[in-house]
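In case you want the letters, here they are:
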Amino acid sequence: MPPYSAAEWLSTPTKTEPMPKGPSFLFFWGHSDKSGERACLSNFYPAPFTDTATDNSFFCSEQFFMFKKAELFGDTDCMAAILKCKEPRKAKGLGRAVRKFDDAVFAAHAQSFMEEACWLKFSQNEWMKDYLLGTGKKRLAEASPYDARWGIGMSEEDAMHLEEADWPGENWLGIVLERVRGRLLLQGEEAEEGEEAEEEHGDGDAAAGPTPLARASSDEYGKGASAYTEEDMVEWKRIAVSA
């Protein structure tokens, strides 16, 4: 685990509180091999996962995000087409053709949809989760010169000459990835607390079966931690504290 707690990470300043440039930021853009491991931060990067609420399978977070966009506006034909496609650019194109689309309505839901997509992606793909956690407390910034909503609206090279407050883009994807990183860190701390509680109390409750905390950290019980909800996480915390 990283040498800091989830609470410390969650205290990281937001965009309204400027941080120094340079090593405090990790810029990313694109999903090709030339981007190295940070390519996994892109929504186009191949990362199969299952939506545990519906059992629908997705090949990348872009596909899931566009599916949720179509679902929001009740475009069932578009939803079906997105589920069938196997190429992120095609999924994005289908999402742009959603019927009865209203950007103001979508903008109110977009970040939560993206956070759900990235949570499923990183919680179910181990090396990607390790990479995201390995970015520590660095600010994450999608250095797309073509996207001023999800990206910073400029290249990494140009961004390095400006303060963050002067970037033209909102960097929603970077913000969402930082939230997911914090949730993954908290999940790891919960699992560690559960293991410590079990060690302290021995095997006395073994006959009753594994606790939710134990199930969350074990692949023996299906999809492991990624199959559990935020309500489960609250319950695990309660068990760990009261044990």
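If you're wondering where the values come from, they're calculated on a predicted model, not measured in any experiment. (Residues numbered from 1 in each chain as written. Predicted model: local features only at pLDDT ≥ 70, side-chain atom pairs only at ≥ 80, totals over all residues. Heavy atoms only, no water.)

**Section: a negative patch on the surface**
Right, so step 1: Judged by side-chain charge, Glu192, Glu195, Glu196, Glu198, Glu199 and Glu200 come together as a negatively charged surface patch.
Right, so step 2: Mapped onto the elements of the fold, glutamate 195 is located in helix H8 (residues 172–201). (Patch = residues over 30% accessible without salt bridge, like charges linked within 9 Å, V, L, I, M, F, W, Y side chains within 5 Å. Areas by Shrake-Rupley, 256 points an atom, 1.4 Å probe, with all protein chains shown as cover. Salt bridge = Lys/Arg side-chain N within 4 Å of Asp/Glu carboxyl O. Lys, Arg positive; Asp, Glu negative; His and termini not counted. Charge placed at Lys NZ, Arg CZ, Asp CG, Glu CD. Helix = DSSP H or I, 4+ residues; strand = E, 2+ residues; numbered from the N terminus.)

**A word on the packing of aromatic side chains**
Right, so step 1: Under the definition given, this model contains 15 aromatic pairs.
Right, so step 2: Ring pairing ties together the aromatic residues Phe65, Phe73, Phe101, Phe106, Phe113, Trp150 and Trp172, which thus form one cluster. (Phe/Tyr/Trp six-rings, centres within 6.5 Å; stacked < 30°, edge-to-face > 60°.)

**Thoughts on the packing of helix H2 (residues 61–72) against helix H5 (residues 103–124)**
Helix packing for two helices is described by the angle between their axes and how far apart those axes are.
Right, so step 1: Interaxial distance between H2 and H5 falls to 9 Å at its minimum, and their mutual angle equals 145 degrees. Of the two possible hands of crossing, H2 and H5 adopt the one that is right-handed. Listed contacts from H5 to Ser61, Phe64, Phe65, Lys68, Lys69 and Leu72 of H2 are Val105, Phe106, His109, Ala110, Phe113, Met114, Glu116, Ala117, Leu120 and Lys121.
Right, so step 2: A class-by-class count of the residues in the contact of H2 with H5 yields 10 nonpolar, two polar and four charged. (Axes fitted to C-alpha atoms, helices over the stretch in contact; angles between N-to-C directions. Left-handed = near helix turned anticlockwise from the far one by under 90°. Contact = heavy atoms within 4.5 Å. Nonpolar A, V, L, I, M, F, W, Y, C, P; charged D, E, K, R; others polar.)

**Structural notes on the pattern of salt bridges**
Right, so step 1: With the rule as written, the count across this model stands at 10 salt bridges.
Right, so step 2: Linking arginine 99 and aspartate 75 is a salt bridge whose minimum nitrogen-to-oxygen distance equals 3.0 Å. Remark: aspartate 75 occurs in the loop between H2 and helix H3 (76–84) and arginine 99 occurs in the loop between helix H4 (88–96) and H5; sequence separation between them is 24 residues.
Right, so step 3: Its relative accessible area of 47% is what places arginine 99 among the partly exposed residues.
Right, so step 4: Salt-bridge contacts for aspartate 103 lead to arginine 149; the nearest nitrogen and oxygen are separated by 3.0 Å. (Buried < 20%, exposed > 50% of the residue type's maximum accessible area, 1.4 Å probe, protein only.)

**Digging into the environment of tyrosine 131**
Right, so step 1: With respect to the helices and strands, the residue tyrosine 131 is situated in helix H6 (residues 126–134).
Right, so step 2: A sequence separation of 93 residues divides tyrosine 131 from arginine 38, and the C-alpha atoms of the two residues are 7.9 Å apart.
Right, so step 3: Beyond its immediate stretch of four places on either side in the chain, tyrosine 131 contacts Leu26, Glu37, Arg38, Cys40 and Leu41.

**A word on the nonpolar core**
Right, so step 1: Leu41, Phe65, Cys118, Phe122, Trp150, Leu177 and Val180 are the most contacted members of the largest nonpolar core, which has 41 residues in total.
Right, so step 2: Counting only elements with at least two residues in this core, the list comes to strand E1 (25–28), H2, H3, H5, H6 and H8.
Right, so step 3: With sequence-adjacent residues up to four places away left out, phenylalanine 122 is seen in contact with Cys40, Leu41, Met128, Lys129, Leu132, Leu177, Val180 and Leu184. (Core = buried A, V, L, I, M, F, W, Y, C linked by side-chain atoms within 4.5 Å.)

**A look at the pairing of E1**
Right, so step 1: Burial of the side chains of E1 extends over both faces: Phe25 and Phe27 are buried on one face and Leu26 and Phe28 on the other.
Right, so step 2: Bridge count for E1 against strand E4 (residues 139–142) is four bridges, and the pairing is parallel. Paired with phenylalanine 25 across the two strands is arginine 139, which belongs to E4. (Pairing = 2+ DSSP bridges.)

**Observations concerning the confidence of the model for the chain**
Right, so step 1: Per-residue confidence for the chain gives a mean pLDDT of 82, with 73% of residues at or over 70.
Right, so step 2: Counted against residues more than four places away or in other chains, residues 1–23, with its pLDDT under 50, gives 54 contacts.
Right, so step 3: Confidence drops under a pLDDT of 50 for residues 206–228, and excluding neighbours within four residues, the segment shows 31 contacts in the predicted structure. (pLDDT = per-residue confidence, 0-100.)

**A closer look at the side chain of glutamine 63**
Right, so step 1: Along the chain, glutamine 63 falls in helix H2.
Right, so step 2: Overall, the relative accessible area of 0% leaves glutamine 63 in the buried class.
Right, so step 3: Those residues in contact with glutamine 63 that lie beyond four places of it in its chain are Ser57, Phe58, Ile82, Leu83, Cys85 and Ala91.

**Some thoughts on the packing of H2 against H4**
Right, so step 1: Across the interface, H2 lies against H4 with an axial gap of 9 Å and an inter-helix angle of 15 degrees. Accordingly, the angle class assigned to the pair H2 and H4 is roughly parallel. When you trace H2 past H4, the crossing you get is left-handed. Seen from H2, the contacting residues are Glu62, Gln63, Met66 and Lys69; seen from H4, they are Pro88, Ala91, Lys92, Gly95 and Arg96.
Right, so step 2: Grouping the constituent residues of the contact of H2 with H4 by class yields three nonpolar, two polar and four charged. (Parallel < 35°, antiparallel > 145°, perpendicular 65-115°, else oblique.)

**Focus: H2**
In an α-helix, one turn spans 3.6 residues, which is why side chains three or four residues apart end up on the same side.
Right, so step 1: Between its first and last C-alpha atoms H2 spans 17 Å; for 12 residues at 1.5 Å apiece the expected length is 16 Å, and the two agree.
Right, so step 2: For H2, the complete set of buried residues consists of Ser61, Glu62, Gln63, Phe64, Phe65, Met66, Phe67, Lys68, Lys69 and Ala70.
Right, so step 3: Looking at the buried residues of H2, the elements they touch are strand E2 (49–50), strand E3 (57–58), H3, H4 and H5.
Right, so step 4: Of the residues one or two after H2, glycine 74 is the one with positive phi, at around 70 degrees. (Expected span 1.5 Å × (residues − 1).)

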